[in-house]
Amino acid sequence: MSDSQNAVHLSDYQPFTHCVDQVDLTFRLDPAATRVTAKIGFRPNPDRPGRHDLRLDGEGLKLISCALNGRKLAPKLDAAGMTIAASDLPEGPFTLETEVEIAPEGNTALEGLYMSKGMYCTQCEAEGFRKITYYPDRPDVMARFRVRIEADLPVLLSNGNPVGMGEGWAEWDDPWPKPSYLFALVAGNLRAHSERFTTASGRAVDLNIWVRPGDEDRCAYAMESLIRSMKWDEDVYGREYDLDVFNIVAVDDFNMGAMENKGLNIFNSRYVLASPETATDDDFARIEAIIAHEYFHNWTGNRITCRDWFQLCLKEGLTVFRDHQFSGDMRSAAVRRIEDVVVLRARQFREDAGPLAHPVRPESFVEINNFYTATVYEKGAELIGMLKTLVGDQGYRRAMDLYFQRHDGQAATVEDWLKVFEDATGRDLSQFKRWYTQAGTPHLKVAEDWFDGVYTLTFTQTNPPTPGQPKKDPKVIPINVGLLNPNGDEVVPTIMLEMTRAKQSFRFEGLSAKPIPSILRGFSAPVILDRKAPPEERAFLLAHDTDPFNKWEAGRALAKEVMAEMVLKGAPVSRAWLDALAAVTFDDSLDPAFRALCLRLPGEDDMAHTIHATGRVPDPMRIHAARREMAGALAVRLGEGLLRLYEGLDDGLPFTPSAAQAGRRALRLAALALLTRRDGGRLATHAFHEARSMTEEVGALSALLDIGEGQPQLRAFAARWGHDHNVMDKWFALQISHADPDEAAAVTDRLTQRPDFDWKNPNRFRSVIGALSANHAGFHHRSGAGYRLVADWLIRLDPLNPQTAARMSTAFETWPRYDARRRRLAKAELGRILAAPGLSRDLQEMVERMLAAG
């Protein structure tokens, strides 16, 4: 049977046959033979009238006993669960008791209950709870959980509030009904970094971050971020925390970034542990954002969850939008918006343009783990932002208040979400819903007309075909626009134009001169703006636009046009671009973080996507060469001013992870990278040895590696940090990401042979194999060595950790856009993966979808 025949479809949704009122779990922990006793109170679901079998999910469980209302029972078992016939069930409520045995130490997939360096921990989203006990493992079944843990370990944690503990045991009770994917358990030898938070209503909450002994001194920033998040959610959304305790646990072996389990968040340790010596400014920013994201899930994901996994965007898109808002408020909103769009374009636009394109709310799936994607998260967040733009700040707040009031304690749908906005604002959102149901990135073409003081903008939207969706209707697109006079004055401040048709015109009257348009300010919609503008206009907007995003976008677009001309026509580096960027670089009135972003050249994969969108075939090596040539020319153009800039940004103050300091360091290191191209690494070598923070150490090392130097510094780095697995992940990744394309696969292969390449650890696997995938010209080398090496490791990892293997396979998603030789080589490796014995359905689904493109 093919995977397409095993697909789950949104249209087939039915409520579960029974409701669950109470779950009592007892865990007797043992690495090889953990016993899990479950006592579950069921009753027939009035939304599913009639008599029904009871079907419970369960995988890899050894059933020890089963009883219904105290009577022993022999249910029908299969590889996916158990079935109790309707004839064996009473007509009213009943209690099912089961005992199963599982082996956490053998669970390499890191789903369900598993072990990480002696610590027991869980990961149940999306369908991991079925690997713990028999249960209706679906998000619309919500119940209260009470948990008893028995183990000879000092710390025993679960969801909710602690209600009892003694030597070798602890009990926890969660008063809030939740789906099974939010269940969590942790047991181990841990230490707590503790604080207390007082809510707006005056209730005290105990906060703990649990880490391994010796890591306690690296939790302070995560705790500060948590406290800021809790206060922000009260101030901005009116949401208070609802338990007596909030626990975070840092785990070394974790497939994702973090998990929002009710009252017991489990985090990948790299997103908790931080100190100036071990974490970069980017690490600090990510920790702040991810701590906030998981905390915000308490209301947008936990108190209100999703009815089924097709509605995943409802909790994830909304919560990503909220964490973006929070980070913007904590740091620079303008810089954060630019960084968010860079990520969106690099990950989600790429996804939308290839064989893995899918709607924000998909219609079907084979393996739900494969839909934790940039489309669901990042594009899902953009949809929330567009809604907020369309209804205004006050309308958005009214709708959110109504959402919490109406759906608290429920499992909701996208339809529920949109209905709340319709009821709160009076708008009809039926056309807006197309953003949830149609895949692909809309293209927005612009035409201008100027006559007798009237300026007209005409927009045409096209929605390209995507797998399974050849034709699409027009979407609602909010287009924020401002107009500038030729002297740089803003004559029309930002106004929102609401586009609802395939082609639509907007008039601006009473103007004294033809204006220069600033279109899609703040990136008001996730679209591709197809508008040819002369370099002089790009430079003008870079100099004068009052919208920070479009000011940056003008420079970015100019750089991409220059690079495209170099790649496709052999043109030289544009003097106009160099001069415009020099003006921004040395403009001390601009935020240093903004200037650092402007100095960051377009990525090679981004350029390949841009060139392919014009109907040309991108050449990875030519793109790589052009980017390096542009960086060299920029270093020459900025001249001695670079050294003055670099030295002037060293304020000598003690390190803090503040946005202001981080922005200064970002600009200083951008200057260092360019200076290194001129002095052969003299200054970067000194900066490495004198570094006062990991940000400076990694920045200097990156600058050296980028010019083919830095081997002594790599050895010194490894000697200093070999004991710290999170820091060493950087060491692995830096070598591969900066490797010459001709050597990238060989460098990667050599690093995989090191004894500290623990390929079963997702972080280490990503730092090596993921780094090769991100080295655009190296992975897509015409020899096919990059394709072969990644395929080898995916085949090796898949039997142990299908989820990580499937996610890493997206390295191949752009294979159809390259030349015939590269397509043949990539397709052969995808075919080899598909032919691997015992391939998981996770990886099989991904490979089949990618192969369907060619």
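1. Digging into the overall build of the protein
Part 1: Within the protein, the secondary structure is distributed over 26 helices and 31 strands.
Part 2: In summary, the protein has a C-alpha radius of gyration of 28 Å against a globular reference of 29 Å for 854 residues, a match within 12%.
Part 3: By principal-axis analysis of the C-alpha atoms, the protein measures approximately 85 × 65 × 60 Å.
Part 4: The buried share of the protein, reckoned over its 854 residues, is 60%.
Part 5: Restricting to contacts in the protein with at least 6 residues of sequence separation, those with at least 24 account for 70%.
Part 6: Of the roughly 32,100 Å² of accessible surface on the protein, 50% is carried by carbon and sulfur atoms.
Part 7: For the protein, the distance from the average site of its 103 positive side-chain charges to the average site of its 119 negative ones is 3 Å.

2. Focus on the nonpolar core
Part 1: Judged by nonpolar contacts, the single largest core of 277 residues is most densely connected at Trp-417, Phe-459, Trp-577 and Phe-812.
Part 2: Element by element, the count of residues in this core is highest for helix α5 (residues 374–407), at 15 residues.
Part 3: In contact with Trp-417, other than residues within four places in its own chain, are Leu-314, Leu-318, Ile-384, Leu-387, Met-400, Tyr-403 and Tyr-436.

3. Regarding the pairing of strand β26 (residues 454–462)
Part 1: Where burial is concerned, most of β26 is hidden: seven out of the nine residues are buried.
Part 2: Sheet topology places strand β25 (residues 443–451) next to β26; nine bridges connect them, and they run antiparallel. The partner of Asp-449 across the bridge, within β26, is Thr-456.
Part 3: Connecting β25 to the antiparallel partner β26 that follows it, the hairpin turn spans two residues, and Asp-452 within it adopts a positive phi of roughly 50 degrees.
Part 4: Judged from the six bridges that link them, β26 and strand β29 (residues 503–508) form a sheet pairing that is antiparallel. The residue of β29 that forms the bridge with Tyr-455 is Phe-508.

4. Concerning unusual backbone geometry
Part 1: In this structure, the amide linkage connecting Glu-125 to the following residue, Ala-126, adopts the cis form with an omega of 5 degrees.
Part 2: A positive phi angle, close to 50 degrees, is found at Asn-69, a residue other than glycine.
Part 3: Here Asn-69 is to be found in the loop between β5 (62–68) and β6 (71–72).
Part 4: Of note, the phi angle at Leu-110 is positive, near 60 degrees, even though the residue is not glycine.

5. Regarding the sheet that holds strand β27 (residues 477–484)
Part 1: Reading across the sheet, the three strands line up as β28-β27-β30 and stay open at both edges, with antiparallel pairing between neighbours. Strand pairing shows two members of the sheet lacking a second neighbour, β28 (490–499) and β30 (516–519), which therefore form its edges. Across the sheet, the mean angle from the axis of one strand to that of its neighbour is 25 degrees, orientation sign disregarded.
Part 2: Docked against the sheet, α5 engages β27 and β28, running at close to 65 degrees with respect to β27.

6. Side note on the side chain of His-776
Part 1: Take His-776: it is sitting in helix α22 (residues 776–779).
Part 2: A relative accessible area of 4% places His-776 in the buried class.
Part 3: Here the side chain of His-776 touches Tyr-818 through a polar contact of 2.7 Å, side chain to side chain.
Part 4: Apart from the residues within four sequence positions on either side, His-776 is in contact with Glu-604, Asp-605, Ala-608, Pro-620, Ile-623, Arg-817 and Tyr-818.

7. As for the sheet that holds strand β18 (residues 204–211)
One key point about sheets: their strands pair by backbone hydrogen bonds, in either a parallel or an antiparallel sense.
Part 1: Pairing is mixed across the open sheet formed by five strands, whose spatial order is β17-β18-β19-β21-β20. Looking at which strands have only one partner, the edges of the open sheet turn out to be β17 (191–198) and β20 (258–259).
Part 2: As defined by bridge partners, β17 adjoins β18 across eight bridges and the pair is classed as antiparallel. Within the sheet, the bridge partner assigned to Ala-192 lies in β18 and is Trp-210.

8. So, helix α14 (residues 641–648)
Part 1: Within α14 the residues assigned to the buried category are Gly-641, Leu-642, Leu-645 and Tyr-646. Relative to the axis of α14, the buried residues are bounded by an arc of 135 degrees and lie together on one face. Away from its buried face by more than 90 degrees, α14 exposes Arg-644 and Gly-648.
Part 2: Considering only its buried residues, α14 is in contact with α10 (575–585), α11 (592–599), α13 (620–638), α15 (659–679) and α16 (682–689).

9. A closer look at the side chain of His-297
Part 1: By the element assignment, His-297 lies in the loop between α2 (281–296) and β22 (305–306).
Part 2: Polar contacts involving the side chain of His-297 include one to the side chain of His-293, which spans 3.2 Å.

10. Re the packing of aromatic side chains
Part 1: Using the criterion set out here, one finds 41 aromatic pairs in the structure.
Part 2: Centroid distance Trp-232 to Tyr-237: 5.7 Å. Interplanar angle 50 degrees. Geometry classified as tilted. Here Trp-232 matches Tyr-237 in class, with each residue buried.
Part 3: Geometrically, the ring pair formed by Phe-349 and Phe-523 is tilted, given 6.4 Å between the ring centres and 45 degrees between the ring planes. Of this pair, Phe-349 sits in helix α4 (residues 333–352) while Phe-523 sits in the loop between β30 and β31 (528–530), and the two are 174 residues apart along the sequence.
Part 4: It is Arg-239 that lies over the ring of Trp-299; its NZ or CZ is 4.7 Å from the centre.
Part 5: Just above the ring of Tyr-13 sits the side chain of Arg-307; from NZ or CZ to the centre is 3.7 Å.

11. A closer look at the environment of Asp-798
Part 1: Structurally, Asp-798 is set in the loop between α23 (785–797) and α24 (802–808).
Part 2: Asp-798 gets classed as buried once you look at its relative accessible area, which sits at 2%.
Part 3: With 35 residues separating them along the chain, Asp-798 and Ile-833 place their C-alpha atoms 9.8 Å apart.
Part 4: Aside from chain neighbours lying at most four places away, what touches Asp-798 is Ala-805, Gly-838, Leu-839, Ser-840 and Leu-843.

12. As for the pattern of salt bridges
Part 1: One pass over the full model with this rule turns up 78 salt bridges.
Part 2: Two residues, Asp-706 and Arg-677, come together in a salt bridge whose shortest N-O distance is 2.6 Å. Within this pair, whereas Asp-706 is found in helix α17 (residues 694–706), its partner Arg-677 is found in helix α15, the two being separated by 29 residues in sequence.
Part 3: The exposure class of Arg-677 is partly exposed, given its relative accessible area of 26%.
Part 4: Through salt bridges that share partners, Arg-28, Arg-144, Arg-146, Arg-148, Glu-150, Glu-171 and Asp-173 make up one connected network.

Cut-off values and rules
- Residues numbered from 1 in each chain as written.
- Predicted model: local features only at pLDDT ≥ 70, side-chain atom pairs only at ≥ 80, totals over all residues.
- Heavy atoms only, no water.
- Helix = DSSP H or I, 4+ residues; strand = E, 2+ residues; numbered from the N terminus.
- Rg over C-alpha atoms; globule rule 2.2 N^0.38 Å.
- Buried < 20%, exposed > 50% of the residue type's maximum accessible area, 1.4 Å probe, protein only.
- Contact = heavy atoms within 4.5 Å.
- Areas by Shrake-Rupley, 256 points an atom, 1.4 Å probe, with all protein chains shown as cover.
- Lys, Arg positive; Asp, Glu negative; His and termini not counted.
- Charge placed at Lys NZ, Arg CZ, Asp CG, Glu CD.
- Core = buried A, V, L, I, M, F, W, Y, C linked by side-chain atoms within 4.5 Å.
- Pairing = 2+ DSSP bridges.
- Axes fitted to C-alpha atoms, helices over the stretch in contact; angles between N-to-C directions.
- Polar contact = N/O pair within 3.5 Å; in protein donor to acceptor, adjacent residues only side chain to side chain.
- Arc of directions from axis to C-beta.
- Phe/Tyr/Trp six-rings, centres within 6.5 Å; stacked < 30°, edge-to-face > 60°.
- Lys NZ or Arg CZ within 6 Å of the ring centre and 35° of its normal.
- Salt bridge = Lys/Arg side-chain N within 4 Å of Asp/Glu carboxyl O.

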